[in-house]
Number of protein chains: 2
Amino acid sequence: MPAQKRLNRDELVATAMSVVDAEGLEAVTVRRVAQQHDVTPMALYRHFDDKDGLLDAVAERVLDDVRLPAADDRPWHEQMADLLTAFLDAMRPHPNATPLLFDRILSAESGLAITERTLTLLAEAGMSVDDGAEHACKALNFLVTLVLTEPGRGDDTDPAARDEALRAKRARLLTLDPARYPHVVAAAGPLTDCPSAEAYYRRGVESIVTAMRGPAAAAAPTAV
Amino acid sequence: MPAQKRLNRDELVATAMSVVDAEGLEAVTVRRVAQQHDVTPMALYRHFDDKDGLLDAVAERVLDDVRLPAADDRPWHEQMADLLTAFLDAMRPHPNATPLLFDRILSAESGLAITERTLTLLAEAGMSVDDGAEHACKALNFLVTLVLTEPGRGDDTDPAARDEALRAKRARLLTLDPARYPHVVAAAGPLTDCPSAEAYYRRGVESIVTAMRGPAAAAAPTAV
DNA sequence: CAAACTAGGTATACGACGTAAGCTTTCAGC
DNA sequence: GCTGAAAGCTTACGTCGTATACCTAGTTTG
């Protein structure tokens, strides 16, 4: 990150994002981002109201990466699965940034676009405005959680430290009394790590769509 | 919170919890908790390794409040709904503390008990160890998210400030271009507030259980 | 019963943080 | 070249978590 003459808002955001990705949200510091551009901390305040404004921009950048699939004439739930997957694809490169998204989906422009599309599909599915809103909120927040809590993820990217923490966590589960916690002990592996991230996310999307379709979905599987 | 002669770990946790409930997680400060007990900040370090240890204890207290329902012979998914509801009932009085729970369910003793029960029910449902672990993680984390993102919740309890922020948020949605975001504008109300918390949580549990039962659930509704 | 140990409080201090206020530099457009 | 505004700098303040060293009351022990 060598600095050019003039500071640039987008590059500041990029720097903050790289810190988030590498070391987690708490590592993002006004002083630190400034330092990477060889600039005084106070210089950032010409580009952002405050630190929260910087984090808003980071969240916005994640949301901007979402490539909304074009609408077509497939059943709504298939389109919904694609929409959610597109959102996932944008978040997965930046798992440490996901906590920012809970509050901010309805603040950023591209978050509004995602929400609008979600609501549209739910309306096509025949949901009332109220039901659609509730399901949309739940679905998007659940998606964020899916990334936030992907088993085997640690705040830092350093693979050595991550593996170490992971092993420690699993080891702790394995020392539990198997009489009291038989299933936890048996599932120590899958509880702490994720054999296939792809499968994890695919099933996650499927679960959310299933929840949206409701308990009667399978009874009328192609209902619009 | 007047202080007695000797500091007491449980009362420190209670103080921290009351701060969390009243003003949010960021308001919890070693100095502040100490002050409420008329004690030097460093005194807390005789009872907790560090601030994170204090927060661990806060999270643990929430989990300790879970009253696990007794196992019976109803279908697993009905018992699951009750289990999840019990977890919800423990979290709902402390929504600001919920972010602590994502990482800590498998650390606290009572979190292990909840997880064990969840895994047991999923095993009864015929799930493999791997599938059960994945569904259990998702379900518990989704539940946490349900409380964390309940529409219309702000970090502070002060009802005046909360209402103000809520109104502002909704007003912003209503100023959007209805041609671009018709559904968002139409759903501004339910997107920002929650008419009935009870219904919101009931449907949330229902959604999670539906997701667990999978797309084929309704086809064989009483399958064990 | 005095002496030694210990658990739990205090005092002081350090470095990092976000950011307010005011000053200085750079540079585009006249 | 002059001017005004945009952008970066300097200094400073208050808050945070916590390391280190100390003190003191209460218990244990020779």
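Per an unreviewed UniProt entry, chain A goes by the name TetR/AcrR family transcriptional regulator and belongs to Actinacidiphila acidipaludis.

**Q** Would you mind showing me how to read the UniProt feature "domain: HTH tetR-type" (unreviewed entry) in chain A here?
**A** According to UniProt, the feature "domain: HTH tetR-type" (unreviewed entry) maps to residues 6–66 of chain A in the numbering used here. Annotation note: span residues 6–66 of chain A, helix share 59%, strand share 0%, distance between end C-alpha atoms 29 Å.

**Q** Would you take a moment to explain the protein's contact with DNA strand C for this structure?
**A** Close contacts around DNA strand C come from 17 residues, with Arg31 and Tyr45 of chain A together with Leu7, Thr40 and Arg46 of chain B the closest. Among the atoms of DNA strand C close to the protein, meaning within 4 Å, 46% are from sugar or phosphate groups. Measuring from a phosphate oxygen of DNA strand C, one finds a backbone N or O atom of Leu7 of chain B at 2.6 Å. Of the residues that constitute the surface near DNA strand C, the class distribution is eight nonpolar, three polar and six charged.

**Q** Mind showing me how you'd approach the packing of helix H11 (residues 197–213) of chain A against helix H11 (residues 197–213) of chain B here?
**A** Helix packing for two helices is described by the angle between their axes and how far apart those axes are. The contact between H11 of chain A and H11 of chain B brings their axes to 8 Å, and the two run at 120°. Overall, the two elements H11 of chain A and H11 of chain B adopt an arrangement that is oblique. Crossing handedness for the pair H11 of chain A and H11 of chain B: right-handed. Residues Ser207, Thr210 and Ala211 of chain A of H11 of chain A lie in contact with H11 of chain B, whose contacting residues are Ser207, Thr210 and Ala211 of chain B. Grouping the constituent residues of the contact of H11 of chain A with H11 of chain B by class yields two nonpolar, four polar and no charged.

**Q** Would you take a moment to explain the interface of chain A and chain B for this structure?
**A** Note on interface size: it is often stated as the accessible area lost on association of the parts. On the chain B side, the residues contacting the 51 residues of chain A number 51 residues. For the pair chain A and chain B, the summed buried surface comes to about 4,500 Å²; carbon and sulfur atoms form 67% of the total. The three residues of chain A that bury the most area against chain B are Glu116, Phe142 and His183 of chain A, which together make up 13% of that side's buried surface. Inspection of the region where chain A meets chain B yields four salt bridges. With its nearest N and O atoms 2.8 Å apart, the salt bridge here joins Glu134 of chain A to Arg203 of chain B. Remark: the boundary between chain A and chain B carries 21 residue pairs in polar contact (both at pLDDT 80 or more).

What counts, and where the lines are drawn
Residue indices begin from 1 for each chain and proceed along its sequence in written order. Key to labels: chains lettered from A, ligands numbered from 1, both in the order written. Totals for whole chains, interfaces and linings use all residues, but because this is a predicted model, local features are given only for residues with pLDDT of at least 70 and pairs of side-chain atoms are given and counted only at 80 or more. The basis for the side-chain values is all heavy atoms of the structure; hydrogens and waters are excluded. UniProt positions are given in the numbering used here, feature names are shortened, and annotations may be inferred rather than shown by experiment. Strands are runs of DSSP state E lasting at least 2 residues, helices are runs of H or I lasting at least 4, and numbering of each runs from the N terminus. When we say a residue is near a molecule or strand, we mean one of its heavy atoms is within 4 Å of it. Pairing of N or O atoms within 3.5 Å defines a polar contact, subject to two protein rules: one partner must be a possible hydrogen donor and the other a possible acceptor, and residues neighboring in sequence count only if both atoms are side-chain atoms. Polar here means any residue outside two lists: the nonpolar Ala, Val, Leu, Ile, Met, Phe, Trp, Tyr, Cys and Pro, and the charged Asp, Glu, Lys and Arg; Gly therefore counts as polar. Axis angles are defined between N-to-C directions and span 0 to 180 degrees, where every axis is a line fitted to C-alpha atoms and, for a helix, only to the segment in contact. Orientation labels follow simple angle bins: below 35 degrees gives roughly parallel, above 145 gives roughly antiparallel, 65 to 115 gives roughly perpendicular, and whatever is left gives oblique. For any pair of crossing helices, the crossing counts as left-handed if the nearer helix is rotated counterclockwise from the farther one by less than a right angle, and right-handed if it is rotated clockwise. Residues count as neighbours in contact if any of their non-hydrogen atoms are within 4.5 Å of one another. Defined in terms of a 1.4 Å probe, buried area is the accessible area two parts forfeit on being brought together, summed over both. Any carboxyl oxygen of Asp or Glu within 4 Å of a side-chain nitrogen of Lys or Arg constitutes a salt bridge here.

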